[in-house]
Amino acid sequence: MSLVSLLFLFTAVLTCGASIMVVTTKNMVQAALWLVLALFGGAVIFVLLQAPYIAVIQVVVYIGAIAVLVIFAVMLTRQTEGELLPGKTNQWPIAALLSAALFVGMAYFYLSSPRTALMAPVLDPKFDLIRELGQQLVSPNGYVLPFELASILLLAALIGSIVVAWRK
Amino acid sequence: MIPLSWYLILAAGIFSIGLYGVLARKNIIAILMSIELMLTAININLIALPSG
Amino acid sequence: MADLIKLIESWIRNLLLGWGAGEGLTLFILQALGSVLVVMLCFGIVIALIWVERKLAGRIQDRFGPNRAGPYGIFQSFADIIKIFTKEYVTPTGADKGLFNIAPVLAMASVLAIWAVFPIASNLIGADINVGVLYIVAISAFGILAFLMAGWSSNNRFALLGASRSVAMLISYEIPMVVSLLIPVLLAHSMKLSDIIKAQQPWWYLIIAPLAALIFLISSMAEIGKAPFDLLEAESELVAGYHTEYSGMKFGMFYVAEFLHQFTVGALITIFFLGGWSGPMAENWPVLGVVYFYGKAFLVYLVISWIRLSLPRIRIDEMLNLNWKFLIPVSFINLVVVAVVDRVMLDLNMTRWMYVGVMLVLNIVILLAALYISGKSQPSIELEEFPPRPVAVSNPPENS
């Protein structure tokens, strides 16, 4: 059991544990902070997958912006103190059964296919991922069109949110 | 070192936990957080598959 | 003798290998030792910095600083630490205990984690990662969470108000900070911190991109919560902001984290704009590189203290106006102009002197244009001229 495998197992247990706490705890602020931990576990997984840029972007965007937004939303819509409503709907056994069945099905499918037993190739340390990513994002043979369309979408969302929140 | 199936199973696990959260929670913000978990699992799949 | 640090490192490595430790374990122990040394040095520097700040504050405000505890008051910080250790931890009722206890630890950890990527000398760096600049931005995002947790878990209206205001300020000022950080990345063609320092060798980025340095300084001062952006701990407004309910060492952690963050911002400015460890004879003698790095960071720390002790606090709406209406447009325009001009001059193949001159002139032009435009948009206040009216005399004249 190499060190990297141990690290992966530790991170996997941490992420799954934090996700379970997100979906079960009744206190919403605690749920938001467990979500931060689960997203941070995801960022560590990205580092293990030799994608450090995506890991850092996950922390900046997901934890720094989206999780903070969720915490603000939770704080502004607080439940009354001392009266935490039951967190679960009435159909929670069916939901648990459905997600367990989905997980078992996917796990069986992954384990039985020979293609998924491959190990990840170790990238050459000289290979500059950032330069490659930048070139792919702006080269006409690369992904410049989806990149520009995504920027226009974000601009539309920004202008829309300002218009919605405009106060005459 | 780490087979691809481990990453995919981890992503499947987080996805199904998020799915349980979406289906079984009353608070709308909790549903949003579970959707975020599902999106994280999808991201892990997206990055893991080309590497393996 | 030239490479003192490498000498010590190879001595420890041979010692450990002689005792029979494996290769991986030796590397791990050496790295752990290095990180513990850096952290201890940070804490030691903070103790000295608190003394310097209080003495400087005293001198600027025309009084002595602390001068009782030892000659010139140098043991004042130790007295403060002993006092803080002996205080009782008070947890308010209804506070979320887990969050309440983790918030100061997270605030301290998010500042210490930035030190992992700093190139302290030419061959001394914790982790030379490819995305060093983005890592620094990411860890700043973690610090914001610590303030939110502290404010929320105190179960105190004022703490929550202070935390919400401070988080609004922090996430607003992240944008000009990141955009002005992009300019050294652009000029050095790399996000690695060691590459950025190597690219500054003939000319520091303070001279090529002074406007970026200024914007980074202003937004970093907002990020660390130092005056004039003092809202995070506005003593006369919010009791103490997000750390109202903390006592004892938990408050001590917030306090030390604040000073360490100020010093870390000083270190960041030296890496990005002042050349980091570079100086005369720094490549041959890495120990000199360490001295230059810490010396320059200390100088920037003094500048930040100086600004803090001279300016009053600005209101929250004025502060947000400053950010969204002035800093963000100026930083974006600066980024676009620097990018275009850098590319054009690369194609034109200019000499280094002309390049530096053109960039400097452009920065000054952009700053003056921004100040002029923002000055025009303010309505000018007409001051009425009143005749001088005596108010404190025993027999006032007839026509008053």
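Residues numbered from 1 in each chain as written. Chains lettered and ligands numbered in written order. Predicted model: local features only at pLDDT ≥ 70, side-chain atom pairs only at ≥ 80, totals over all residues.

Enquirer: I keep staring at the overall build of chain B and nothing clicks. Help me out?
Expert: Secondary structure summary: chain B contains two helices and zero strands in total. Taken over C-alpha atoms, the radius of gyration comes to 12 Å for chain B, far larger than the 10 Å a tight globule of 52 residues would show. In terms of overall dimensions, chain B has C-alpha extents of about 40 × 15 × 10 Å along its principal axes. The buried share of chain B, taken over its 52 residues, is 54%. Contacts spanning at least 24 positions in sequence make up 45% of the contacts within chain B whose residues lie at least 6 apart. (Helix = DSSP H or I, 4+ residues; strand = E, 2+ residues; numbered from the N terminus. Rg over C-alpha atoms; globule rule 2.2 N^0.38 Å. Buried ≥ 20, exposed ≤ 12 C-beta atoms within 10 Å, placed from the backbone. Contact = placed C-beta atoms within 7 Å.)

Enquirer: How should I be thinking about the overall build of chain A in this particular structure?
Expert: Helix and strand counts for chain A come out as six helices and zero strands. Listing the helices and strands of chain A from first to last along the sequence gives α-α-α-α-α-α. Relative to its full complement of 168 residues, chain A shows a buried share of 24%. Sequence separation of 24 or more characterises 47% of the internal contacts of chain A that already satisfy a separation of 6 or more.

Enquirer: Looking at this model, I keep getting lost on the interface of chain B and chain A. Mind explaining?
Expert: Buried accessible area, meaning the area lost when the parts come together, often serves as the stated size of an interface. The interface is formed by 37 residues belonging to chain B together with 50 residues belonging to chain A. At the level of secondary structure, the elements contributing two or more residues to the side of chain B that touches chain A comprise α1 (4–24) and α2 (28–51) of chain B. Looking at which element gives the most residues to the side of chain B that touches chain A, the answer is α1(B), with 17 residues. Split by residue class, the side of chain B that touches chain A holds 23 nonpolar, 11 polar and three charged. (Nonpolar A, V, L, I, M, F, W, Y, C, P; charged D, E, K, R; others polar.)

Enquirer: Any chance you could explain α1(B) here in plain terms?
Expert: Three- or four-residue spacings in an α-helix give side chains the same orientation, since the helix completes a turn every 3.6 residues. Compared with the 30 Å implied by 1.5 Å per residue over 21 residues, the 30 Å span of α1(B) between its first and last C-alpha is a close match. Counting buried residues in α1(B) gives 16 out of 21 residues, a clear majority hidden from the surface. (Expected span 1.5 Å × (residues − 1).)

Enquirer: I would appreciate a short explanation of the interface of chain C and chain A in the present structure.
Expert: If you look at the interface, chain C gives 18 residues, while chain A gives 15 residues. The set of elements that each furnish at least two residues to the side of chain C that touches chain A consists of α5 (132–153) and α6 (157–188) of chain C. Per element, the largest residue contribution to the side of chain C that touches chain A is 11 residues, and it comes from α5(C). Tallied by class, the residues present in the side of chain C that touches chain A amount to 17 nonpolar, one polar and no charged.

Enquirer: Can you help me understand the packing of helix α1 (residues 3–24) of chain A against α1(B) in this one?
Expert: When two helices pack together, their arrangement is given by the angle between the helix axes and by the axis-to-axis distance. Two numbers describe how α1(A) lies on α1(B): the axes approach to 9 Å, and their chain directions differ by 10°. The angle between the axes of α1(A) and α1(B) places the two elements in the roughly parallel class. Contacts from A:Phe8, A:Ala12, A:Thr15, A:Cys16, A:Ser19, A:Ile20, A:Val22 and A:Val23 of α1(A) reach α1(B) at B:Trp6, B:Leu10, B:Gly13, B:Ile14, B:Ile17, B:Gly18, B:Tyr20 and B:Gly21. Each residue belonging to the contact of α1(A) with α1(B) can be placed in one class, and the counts come to 11 nonpolar, five polar and no charged. (Axes fitted to C-alpha atoms, helices over the stretch in contact; angles between N-to-C directions. Parallel < 35°, antiparallel > 145°, perpendicular 65-115°, else oblique.)

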